[in-house]
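What follows is the residue order along each chain.
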Amino acid sequence: MDRTATLFMGTFNSEYFLRDNTICKIPFYNNEEANAIISVMDELLFVFSRDNNDLVITRIPMDDSHKNYLSELGIKFNNNEMPVCSLKDVNNFRVPTQICKLLVNSNHDRYFQKIISPNLNFSPYSVVPETHNFCDFYGLKKSFTDIEIVKKVNSKLYSYTITENLFGYTLGSIVESSDELRSTGSSLLNNGPFLLKDLFGVSGIGNILIESANRLELMVRQCKKQEKTGKRTQFLIQPLLKKEVDFSCHLEVKCNGAVNFLSVQIMSNKGFSFSGIKTAKDELIRFLESSDYFDCIRKIGRRLFEDGYHGFVCIDSMILQDGGIVPILEINARKSMGLINYQINQFFSLYSKTVEMISLDLRVPKTIEFEQLLNEMRRENILFSNNSALGIIPLTGNSFHVNSKLVDNETNNQNHVMGRLYLTLVGGNDKEIYQVYRKVDYILNKLNIIRFN
Amino acid sequence: MKDKIKNMLGIVKEDAELPDKISDHANIINDVGLDSLQLLNFLLLVEETLQVEINFEKLEARYLSSIINFCDFISTECSTDDW
């Protein structure tokens, strides 16, 4: 049966646009270089493409050397040749902006009108406030959930509430004022550290570990300051759990209410930030099957549908050191890094390979472009090809050098800029994956690239 | 204050040798390599240790471009009123 050609596109910091700005924030440093990297992570969406009829629109066109390499692997897709916005408009990278909004206001809207056919099936990474306007502008069919429902089900308040409704217990508390944060937090501290979570926080931003009364008082003070400006406090606070394994379950809630399980992915986190992911092995799946984990997940999927949501879902879960399972830490009603890794696994299942996706935070000499890195990998015989037993597949190129390109447009005397690489490591087993990992380090060192994680 | 700042960076990075390895001109993000969460932990530790209130709205990249600039930021832009 012919499959409808699909448009893949997205904004990776979608929670930023879902969050209610009248609620107090956990303080954060607005890192413009990190924002620029997130803005170009949309290139990861090529993994969902099936063939040359599919279109992946990225904020700036993917690097030609990267696209050519992926094509050599047999990964086919179309990518825009014009940028959605110019690198000269640095704020479109350094300040969080929805790609849907940029496309409606793009200087190249005629070009995009030409390549975005109304006949395309549209599959966004996530639904954000401007997604509906974008579809109206380009005449695309809106076959996704209403934004107000998306906001509701992505909030940690929803995860908290349905845990109580479906399973009869709660994990932590919702605090609704700075005074309540102080009193509830003090009680929790008697039993150990706890996490203070923004209702739309994501890994690395919007969560803070409270280990002392002093630290709690600092956060109370931050809230009081914001309350004075008219904001209201609403946070989830949860005792710090004794974690054995962090994992996520990926499913799709169909328009007819069917819940399709796709995959279980194990996360490697550095602190509370994402650093790597791999598909769960059979042993873990059997353990989850022997508990009632998948029944819990099915109930959550059904509840999401009853509450009006359909689409992809990532449910973060945890196995505790005592063997207990926490089925819902949070619900991300969107595509996710785990789903991206699942797609890559689907591709490599043909080759019976073990794969692991990692992200590396880097300081990159601003003279080095992605193509040089790719060539170095090829020279060192570690770039994966269809004939390789093991190797590296770079999943992103623009995230490596976007900050170099942005500072090219400015007077700036810094020699290194922030870069990030998402890589798939391929091998026959875990030992080979480790060999590939060591080789990545070797190449980064050779190019004078500093790795932080 | 510079030495105290370096010690706090060492605590956040869990690297006891870090304070001796970084110069007064080290960039707190680029050279020390703090990610978003480590940076927040560092800033909260600075508030606790130095008993100041950091103005997060005013914290720009230039203030993190060296230990010296960060100390200037603490001295000029951060309040001690609430302590």
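Rules of the game
Sequence order as written defines the numbering, with residues in each chain counted from 1. Chains and ligands are labelled by the order in which they are written, letters from A for the one and numbers from 1 for the other. Given that the model is predicted, a residue must reach a pLDDT of at least 70 before its local features are reported, and side-chain atom pairs must reach 80 or more before they are shown or counted; all residues, however, enter totals for whole chains, interfaces and linings. Here the side-chain values reflect all heavy atoms present in the structure, with hydrogen atoms and water set aside. Elements are defined by DSSP. Helices are runs of H or I of four residues or more, strands are runs of E of two residues or more, and each kind is numbered from the N terminus. What the globule rule says is 2.2 Å times the number of residues to the power 0.38, and the radius of gyration is computed from C-alpha atoms. To sort residues, take the accessible area from a 1.4 Å probe on protein chains only and compare it with the maximum for the residue type: under 20% means buried, over 50% means exposed, and anything in between is partly exposed. In what follows, a contact means two residues having at least one pair of non-hydrogen atoms within 4.5 Å. For accessible areas, the Shrake-Rupley method is used with a probe of radius 1.4 Å. Any residue's cover is judged against the shown protein chains and nothing else. The sign given to each residue is positive for Lys and Arg and negative for Asp and Glu; His and the chain ends receive no count. Taken as the charge centre is NZ of Lys, CZ of Arg, CG of Asp or CD of Glu, depending on the residue. Two parts lose some accessible area (1.4 Å probe) when they are put together, and adding that loss for both gives the buried area. By salt bridge we mean one thing: a side-chain nitrogen of Lys or Arg within 4 Å of a carboxyl oxygen of Asp or Glu. Two N or O atoms count as a polar contact when they lie within 3.5 Å, although within protein this holds only if one can serve as hydrogen donor and the other as acceptor, and sequence-adjacent residues are included solely when both atoms are side-chain atoms. A pair of strands is treated as paired once DSSP finds two or more bridges between them. Here the axes come from fitting lines to C-alpha atoms, over the contacting stretch only for helices, and the angles between their N-to-C directions go from 0 to 180 degrees. The pairing test for Phe, Tyr and Trp rings, Trp by its six-membered ring, is centres within 6.5 Å, and the orientation test on the planes gives stacked under 30 degrees, edge-to-face over 60, and tilted for anything in between. Confidence scores per residue from the predictor, reported as pLDDT, run from 0 to 100.

1. Comments concerning the overall build of chain A
If you tally the helices and strands in chain A, you get 17 helices and 17 strands. Taken against the 2.2 N^0.38 rule, which gives 22 Å for 453 residues, the C-alpha radius of gyration of chain A at 22 Å falls within 12% of a compact globule. Overall size of chain A, expressed as C-alpha extent along the three principal axes, is 60 × 50 × 50 Å. The buried share of chain A, reckoned over its 453 residues, is 56%. Sequence separation of at least 24 residues holds for 73% of the intrachain contacts in chain A that already meet a minimum separation of 6. By element, 46% of the accessible surface of chain A is carried by carbon and sulfur atoms, the whole surface being about 19,300 Å².

2. Some words on the overall build of chain B
In terms of regular secondary structure, chain B is built from 4 helices and 0 strands. Along chain B, helices (α) and strands (β) appear in the sequence α-α-α-α when read from the amino end. For chain B, the C-alpha radius of gyration of 12 Å lies close to 12 Å, the compact-globule estimate for 83 residues. Counting over 83 residues, chain B shows a buried share of 53%. Partitioning the contacts of chain B with sequence separation of at least 6, the portion at a separation of at least 24 is 57%. Positive and negative side-chain charges of chain B, numbering 7 and 17 respectively, have mean locations separated by a distance of 6 Å.

3. Things to note about the interface of chain A and chain B
Often, the extent of an interface is quoted as the loss of accessible area on bringing the components together. In this assembly, 26 residues from chain A lie in contact with 25 residues from chain B. Carbon and sulfur atoms supply 54% of the area that chain A and chain B bury against each other, a total of about 2,000 Å² over both sides. In this structure, the salt-bridge partner of Arg215(A) is Glu48(B), at a minimum N-O distance of 3.0 Å. The interface formed by chain A and chain B holds 5 residue pairs in polar contact (both at pLDDT 80 or more) in total. Those elements that provide at least two residues to the side of chain A that touches chain B are strand 7 (205-210), helix 11 (213-228) and strand 16 (416-427) of chain A. In terms of residues, the side of chain A that touches chain B owes the most to one element, helix 11 of chain A, which gives 7 residues.

4. Topic: the sheet that holds strand 5 (residues 173-175) of chain A
Residue and element names in this part refer to chain A. A sheet is described by the order of its strands in space; here 4 strands give the open sequence 5-8-6-7, paired in antiparallel fashion. The open sheet terminates on both sides in strands that have one partner only, identified here as strand 5 and strand 7. Going from strand to strand, the sheet's axes swing by 30 degrees on average, the running direction of each strand aside. Taken together, the 5 bridges between strand 6 (residues 194-202) and strand 8 (residues 235-239) define a ladder with antiparallel strand orientation.

5. Points about the pairing of strand 15 (residues 391-394) of chain A
All names here are of chain A. Residues of strand 15 alternate between two faces, with Gly391 and Ile393 on one and Ile392 and Pro394 on the opposite face, all of them buried. When strand 15 meets strand 16, the two strands line up antiparallel, connected through 4 bridges. Residue pairing in the sheet places glycine 391 in a bridge with valine 426 of strand 16.

6. Some words on the packing of aromatic side chains
Applying the stated criterion across every chain yields a total of 17 aromatic pairs over all chains. For the pair Phe137(A) and Tyr138(A), a centre-to-centre distance of 4.9 Å together with 70 degrees between the ring planes defines the contact as edge-to-face. Here Phe137(A) falls in the partly exposed class, since its relative accessible area comes to 32%. Seen in terms of ring centroids, Phe70(B) and Phe73(B) are 6.1 Å apart; in terms of plane orientation they differ by 35 degrees. Their pairing is tilted. With Phe70(B) and Phe73(B) both in helix 4 (residues 67-77), this residue pair falls 3 residues apart, about one helical turn.

7. Considering the pattern of salt bridges
Residue and element names in this part refer to chain A. All told, the structure shown has 30 salt bridges over all chains when counted by the stated rule. The shortest N-O distance in the salt bridge between glutamate 217 and arginine 182 comes to 2.6 Å. Residue glutamate 217 is found in helix 11, and its partner arginine 182 is found in helix 10 (residues 178-189); the two are separated by 35 residues along the sequence. What makes glutamate 217 partly exposed here is its relative accessible area of 33%. Taken together, the salt bridges that share partners define one network made up of Glu376, Arg379, Glu380, Lys439 and Lys446.

8. What about the confidence of the model for chain B?
All names here are of chain B. Mean pLDDT over chain B works out to 86, with 95% of the residues at or above the 70 mark. Here helix 3 (residues 36-50) is the element of chain B with the lowest mean pLDDT, 87, and helix 1 (residues 2-13) is the one with the highest, 92. Predicted complex, confidence summary: ipTM 0.77, pTM 0.91.

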